[in-house]
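Listed below, chain by chain, are the residues.
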Amino acid sequence: METLELFEAPAQDPCQRLGPSALVLRGFALPYVPELMPAIEIVEAASPFRHMVTPGGFTMSVALTNCGALGWTSDRRGYRYASIDPDTGRPWPVMPEAFSRLASQAAKAAGFEHFEPDACLVNRYTPGTRLSLHQDKNERDYDAPIVSVSLGMSATFLFGGQARTDSTVKVPLRHGDVAVWGGVDRLRYHGVMPLKDEPHALLGRQRINFTFRKAG
Ligand code: MD3
Ligand code: FE
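Remember, predicted model here, so these are calculated numbers, not experimental data. (Residues numbered from 1 in each chain as written. Chains lettered and ligands numbered in written order. Predicted model: local features only at pLDDT ≥ 70, side-chain atom pairs only at ≥ 80, totals over all residues. Heavy atoms only, no water.)

Caption draft 1: The overall build of the protein chain, seen in detail. When its secondary structure is counted, the protein chain shows three helices and 13 strands. Computed over its C-alpha atoms, the radius of gyration of the protein chain comes to 17 Å, within 12% of the 17 Å expected for a compact globule of 216 residues. In terms of overall dimensions, the protein chain has C-alpha extents of about 65 × 40 × 35 Å along its principal axes. Going through the 216 residues of the protein chain one by one, you find that 49% of them count as buried. The long-range fraction of contacts in the protein chain, counting pairs at least 24 apart against all pairs at least 6 apart in sequence, stands at 74%. When the accessible surface of the protein chain is totalled, it reaches about 10,900 Å², and 56% of it is carbon and sulfur. (Helix = DSSP H or I, 4+ residues; strand = E, 2+ residues; numbered from the N terminus. Rg over C-alpha atoms; globule rule 2.2 N^0.38 Å. Buried < 20%, exposed > 50% of the residue type's maximum accessible area, 1.4 Å probe, protein only. Contact = heavy atoms within 4.5 Å. Areas by Shrake-Rupley, 256 points an atom, 1.4 Å probe, with all protein chains shown as cover.)

Written out as structure tokens, the structure reads:
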């Protein structure tokens, strides 16, 4: 019995460092899942998921919505944050309290005190959906970190450097994982590989990712 235990798989490292100010907190969101799921439904009932068009004229494969005071949008005129959902003509839905609590607790666990996001971009992936390499640079100040929460199907995240041509490392992001990045890692290129068709026990054939930002 004792000898066998020596060969068991080690418990998953609860914290994986990707850079000087970037880390993944494995399973950090799991205790919040029962509150997050009904909250997503309230958000999407007010502002449904939609496929936005990039300034270059491509329709994004990821479907998205937002909650909070500001929401990220894209159209032929560019990327920006706006307080009104262009599809409904109404303000984005309020950020659910469980969302903001999770975001600030995760930021704190990663060493960023007092993170108060004013924007939460919600991405929805189905099998085949990808997100090409990009930087998050539409936010007003880059001092605040970004917190990302993954739910449902697993994804392979691509973590690059400060230039698009820098090499990338592949990082699996699974149900309940939270990534936090700021400081010198804030403007690193990143993306998501096309999602494999491996349904998740709770969410089925979808992956939901929230990114919490201080945008305004
Ligand atoms: C960036 N979302 O919405 S965030 C986005 O899974 C976006 O939907 C992705 O990129 C998604 O803009 C991934 C995860 C992440 C984690 C660590 C990073 C992005 C990072 C470290 C540095 C820069
Ligand atoms: Fe991004």
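Following the structure, the description resumes.
Caption draft 2: Quick look at the site of ligand 1. Around ligand 1, a shell composed of 19 residues is seen, among which Asn-123, Tyr-125, Phe-159, His-190 and Arg-207 lie nearest. With respect to ligand 1, the side chain of Asn-123 contributes an N or O atom lying 2.9 Å from an oxygen atom. Tyr-125 places a polar side-chain atom, nitrogen or oxygen, 2.5 Å from an oxygen atom of ligand 1. Protein burial of ligand 1: of its 520 Å² of free accessible surface, 98% is covered by the chains. More than half of the atoms of ligand 1 fall within 2 Å of the grid points belonging to the largest pocket. Sorting the residues of the shell around ligand 1 by element identifies strand 6 (119-125), strand 7 (131-134), strand 9 (155-159), strand 11 (178-181), strand 12 (190-192) and strand 13 (207-213) as the ones contributing at least two each. By residue number, the principal contributor to the shell around ligand 1 is strand 13, which donates four residues. Taken together, the residues of the shell around ligand 1 sort by class into eight nonpolar, six polar and five charged. (Near = heavy atom within 4 Å. Polar contact = N/O pair within 3.5 Å; in protein donor to acceptor, adjacent residues only side chain to side chain. 1 Å grid on protein atoms, 1.4 Å probe; cavity = no way out; pocket = protein on both sides within 12 Å on 5 of 7 lines; lining within 4 Å. Sits in = over half its atoms within 2 Å of the grid points. Nonpolar A, V, L, I, M, F, W, Y, C, P; charged D, E, K, R; others polar.)

Caption draft 3: Summary view of the packing of aromatic side chains. Counting across every chain of the model gives six aromatic pairs. Taken together, a centroid distance of 6.1 Å and an interplanar angle of 45 degrees make the contact between Phe-210 and Phe-212 tilted. Residue Phe-212 is classed as buried on the basis of its relative accessible area of 0%. Within the aromatic cluster, the residues linked to one another by ring pairs are Phe-99, Phe-210 and Phe-212. Positioned above the aromatic ring of Tyr-125, the side-chain terminus of Arg-207 is 4.9 Å from the ring centre. (Phe/Tyr/Trp six-rings, centres within 6.5 Å; stacked < 30°, edge-to-face > 60°. Lys NZ or Arg CZ within 6 Å of the ring centre and 35° of its normal.)

Caption draft 4: Region of the structure containing the pattern of salt bridges. Applying the stated criterion to the full structure yields twelve salt bridges. Asp-177 is paired through a salt bridge with Arg-26; the nearest N and O atoms lie 2.6 Å apart. Of this pair, Asp-177 sits in the loop between strand 10 (169-173) and strand 11 while Arg-26 sits in the loop between strand 2 (22-25) and helix 2 (33-46), and the two are 151 residues apart along the sequence. Summarising the burial analysis for this pair, Asp-177 and Arg-26 share the class buried. Here Arg-186 makes a salt bridge to Glu-139, at a shortest N to O gap of 2.8 Å. Note that Arg-186 is positioned in the loop between strand 11 and strand 12 and Glu-139 in the loop between strand 7 and strand 8 (146-152), a separation of 47 residues in sequence. Since its relative accessible area comes to 2%, Arg-186 is described here as buried. The network of salt bridges with shared partners includes Asp-136, Glu-139, Arg-186 and Arg-213. (Salt bridge = Lys/Arg side-chain N within 4 Å of Asp/Glu carboxyl O.)

Caption draft 5: Broad picture of the side chain of Thr-54. Topologically, Thr-54 is positioned in the loop between helix 2 and strand 3 (63-67). Every residue in contact with Thr-54, bar those within four places of it in the chain, is listed here: Met-60, Ser-74, Asp-75, Arg-76 and Tyr-79.

Caption draft 6: Region of the structure containing the side chain of Arg-186. A polar atom in the side chain of Arg-186 sits 2.7 Å from the backbone oxygen of Asp-136. When residues no more than four places from it in sequence are discounted, the contact partners of Arg-186 are Asp-136, Glu-139, Tyr-142, Ala-144, Ile-146 and Trp-181.

Caption draft 7: Spotlight on helix 3 (residues 97-109). Taking 1.5 Å as the rise per residue, helix 3 with 13 residues should run 18 Å; its terminal C-alpha atoms sit 18 Å apart, in good agreement. Taken as a whole, helix 3 has its buried residues at Ala-98, Phe-99, Leu-102, Ala-103, Ala-106 and Ala-107. The buried residues of helix 3 occupy an angular sector of 160 degrees when the element is viewed end-on, so they sit on one face. Immediately beyond the C-terminal end of helix 3, within one or two residues, lies Gly-111, with a positive phi of roughly 100 degrees. (Expected span 1.5 Å × (residues − 1). Arc of directions from axis to C-beta.)

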